[in-house]
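Inside the fold
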Amino acid sequence: MCSRLRNMTAIYLFKGDKVLLLFRQGGRVVNDVWTGSAGGHFEENELNDPKACIIREMGEELGLKEDDIEGLTLRYVTLRYTKGEIRQNYYYFARLKDNFNAELKSNEGISKWFPIDKVSDLPMPFTAKYVVDHYISIGRSTDKMYVGVTTDEGVDFSELSCT
């Protein structure tokens, strides 16, 4: 049935009440939709360290270092079975530091700042759309981590307790 795993990360960067999104163009898996500010596939040495993956992706795609952001937090992990593979996505959220220039450009598409309440209507990858909607309605008012599993109706989220 399933023979492959695909591990990916994404980060949503905020400045004030706006979030930076990327209209990804030319990607291997995701094209012509709005995604997180940066993200991508794990390298072999990152398989047990999604934070290392997202920091590398931010550097490659936006020229950002970990010191340029604050509050970097893993908030969502999703699982989806599609196209013969299980896709595991790790979604991070952070704020661009106040003293950092918000004019960021990506080498993977078009970067644009959006008011957070305007992103729900944008075309996005399947699980990303549900993550953003959940974040807007619930996640941004908590510090919880959530796990989401796809269903025929969408994505079911549960709080992931740290025990």
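What comes next concerns the included structure. Source: prediction; values computed, not measured.

Summing up its helical and strand segments, the protein has two helices and nine strands in all. In sequence order, the protein lays out its α and β elements as β-β-β-β-α-β-β-β-α-β-β. Taking 15 Å as the expected radius of gyration for a compact globule of 163 residues, we find that the protein reaches 15 Å, a close match to that expectation. C-alpha extents for the protein along the principal axes are approximately 50 × 35 × 30 Å. The buried share of the protein, taken over its 163 residues, is 47%. Partitioning the intrachain contacts of the protein with sequence separation of at least 6 by distance along the chain shows that 62% fall at a separation of at least 24. Surface accessibility of the protein: about 9,000 Å² in total, with carbon and sulfur atoms responsible for 47%.

All right, on to the pattern of salt bridges then. Evaluation of the coordinates by the stated rule reveals 12 salt bridges. Its salt-bridge partner being glutamate 61, residue arginine 24 comes within 3.5 Å of it at the nearest N-O pair. Placement of the pair is arginine 24 in strand 2 (residues 18-24) and glutamate 61 in helix 1 (residues 50-62), with a sequence separation of 37 residues. A salt bridge links arginine 56 to glutamate 57; the shortest N-O distance between them is 3.3 Å.

Calculation rules
- One numbering rule holds for all chains: residues counted from 1, following each sequence as written.
- Under the rules for a predicted model, residues below a pLDDT of 70 receive no local features and side-chain atom pairs below 80 are neither given nor counted, while totals for whole chains, interfaces and linings still include all residues.
- Each side-chain value is derived from all of the structure's non-hydrogen atoms; neither hydrogens nor water enter the calculation.
- Only DSSP runs of H or I reaching four residues or more are called helices, and only runs of E reaching two or more are called strands; each is numbered from the N terminus.
- With C-alpha atoms as the basis for the radius of gyration, the globule rule is written as 2.2 Å multiplied by the number of residues raised to the power 0.38.
- Exposure classes here rest on a 1.4 Å probe applied to the protein chains alone. A residue is buried below 20% of its type maximum, exposed above 50%, and partly exposed in between.
- Pairs of residues are marked as contacts when any of their non-hydrogen atoms sit within 4.5 Å.
- To be clear on the numbers: accessible area is Shrake-Rupley with a 1.4 Å probe, and residue cover counts the displayed protein chains and nothing else.
- The salt bridge criterion pairs a side-chain nitrogen of Lys or Arg with a carboxyl oxygen of Asp or Glu, the two atoms within 4 Å.

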